[in-house]
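# Fold and contact review
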Amino acid sequence: MTTVKQLLGKKGHQVFSIQPDDTVYNALQKMADENIGCLVVMKGGSLIGVITERHYARSVILKDRSSPETPVRAIMETRIIYALPEQSVEECMAVMTEKIVRHLPVIEEGKLIGIISIGDLVKSTISDQKFMIEQLEHYMHGGA
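This structure is a prediction, so every number in the text was calculated from the model and none was measured. (Residues numbered from 1 in each chain as written. Predicted model: local features only at pLDDT ≥ 70, side-chain atom pairs only at ≥ 80, totals over all residues. Heavy atoms only, no water.)

### Brief notes about the overall build of the protein chain
Quick reminder of the rule: Each helix corresponds to a stretch of at least 4 residues labelled H or I by DSSP, and each strand to a stretch of at least 2 residues labelled E; elements are numbered beginning at the N terminus. Only protein chains enter the accessibility calculation, which uses a 1.4 Å probe; a residue whose area is less than 20% of its type maximum is buried, one above 50% is exposed, and one in between is partly exposed. Throughout, a contact is declared for two residues whenever any of their heavy atoms are within 4.5 Å. For accessible areas, the Shrake-Rupley method is used with a probe of radius 1.4 Å. Any residue's cover is judged against the shown protein chains and nothing else. His is not counted here, nor are the chain ends, while Lys and Arg score as positive and Asp and Glu score as negative. The atom standing in for a charge is NZ when the residue is Lys, CZ when it is Arg, CG when it is Asp and CD when it is Glu.
The number of helices and strands found in the protein chain is five helices and five strands. When the helices and strands of the protein chain are placed in sequence order, the string is α-β-α-β-β-α-α-β-β-α. For the protein chain, the spread of C-alpha atoms along the three principal axes comes to 65 × 35 × 30 Å. By residue count, 36% of the 144 residues in the protein chain fall in the buried class. By sequence separation, contacts in the protein chain at least 24 residues apart represent 55% of the contacts at least 6 residues apart. As displayed, the protein chain has an accessible area near 9200 Å², and 52% of this comes from carbon and sulfur atoms. Where the 16 positive side-chain charges of the protein chain centre and where its 18 negative ones centre are 4 Å apart.

In structure tokens:
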């Protein structure tokens, strides 16, 4: 079972952030520039929220707001669901499914150390399954 710590060891710990008073437009530009779907919202070194493309679609476009005029704090999610390094990929997939989120900040000893997406978890699961299949095939064909 792969843990979040192992996943971050392969993926990296880079996290892209934005300030709560930045505009939604700037957040979208940053997400586009980095080819990501989520930014953590930081204030004074503390994680205070997340903003995703989904927040933009539902809280700006559908409410006829202007992204250059709307601050991130107006649409960010402040109920932060996060992962711990010792959690398994499977546990995180269950949390994401239950809570209907696609990104989990990773917190260790109160500090943000990374972020994982549903795509990261699916990629890890596929890799683990591929390894297991290869091991079973090796065993079936007389490998020691």
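### Overview of the pairing of strand β4 (residues 103–108)
When a strand is regular, its side chains alternate between the sheet's two faces. Threshold: At least two bridges found by DSSP between two strands are what make those strands a pair.
Bridge analysis of β4 against strand β5 (residues 111–117) gives six bridges, and the strand direction is antiparallel. Paired with L104 across the strands is I116, a residue of β5.

### Notes on the pairing of strand β3 (residues 46–52)
Here six bridges tie strand β2 (residues 38–43) to β3, and the two strands are oriented antiparallel to one another. Paired with V40 across the two strands is V50, which belongs to β3. Connecting the antiparallel pair β2 and β3 is a turn made up of two residues, with G44 showing a positive phi of about 60 degrees.

### Some words on helix α5 (residues 118–140)
What counts, and what does not: To estimate the expected span of a helix, count its residues, drop one, and scale the result by 1.5 Å.
With 23 residues, α5 should cover 33 Å at 1.5 Å per step; its first-to-last C-alpha distance of 33 Å lies within 8% of that length. Among the residues of α5, D120, L121, S124 and T125 are the ones counted as buried. Lining the buried residues of α5 we find α1 (4–11), α4 (89–99) and β5. Backbone geometry just downstream of α5 places G142 in the positive-phi region, at approximately 90 degrees.

### So, the nonpolar core
Heads up, the condition is: Definition of nonpolar core: a set of buried residues of the types Ala, Val, Leu, Ile, Met, Phe, Trp, Tyr and Cys, connected through side-chain atoms within 4.5 Å.
Ranked by size, the top nonpolar core spans 13 residues in total, and within it V4, A83, C92, L104, V106, I116 and L121 carry the most contacts. Of all the secondary-structure elements, those providing two or more residues to this core are α1, α4, β4 and β5. Dropping the residues within four chain positions of it, L104 is found in contact with I81, Y82, A83, C92, V95, M96, G114, I115 and I116. One finds I18, V41, I75 and M76 within the second-largest nonpolar core, a separate group that totals twelve residues.

### So, the environment of S67
In this fold, S67 is placed in the loop between α3 (53–61) and α4. Note on S67: relative accessible area 10%, which makes it buried. Each C-alpha atom, one on S67 and one on L28, is 8.6 Å from the other, the two residues being 39 residues apart in sequence. With near-sequence residues (within four places) excluded, S67 lies in contact with T23, V24, Y25, L28, Y56 and V60.

### Remarks on a negative patch on the surface
Quick reminder of the rule: Here the term patch refers to residues with relative accessible area over 30% and no salt bridge, with like charges joined within 9 Å and nonpolar side chains (Val, Leu, Ile, Met, Phe, Trp, Tyr) within 5 Å. Between Lys or Arg on one side and Asp or Glu on the other, a salt bridge is scored when a side-chain nitrogen of the former is within 4 Å of a carboxyl oxygen of the latter.
A cluster of acidic residues, E86, E90, E91, E108 and E109, forms a negative patch on the protein surface. Looking at the secondary structure, you find E86 in the loop between α3 and α4.

### Things to note about α3
Rules: What the arc describes is the spread of directions from the helix axis to the C-beta atoms.
Residues of α3 that are buried include every one of H55, S59 and V60, and no others. For α3, the angular spread of the buried residues around the axis is 85 degrees, confining them to a single face. Contacts made by the buried residues of α3 are with α2 (24–34) and β3.

Take it as geometry only, folks, not as evidence of what the structure does.
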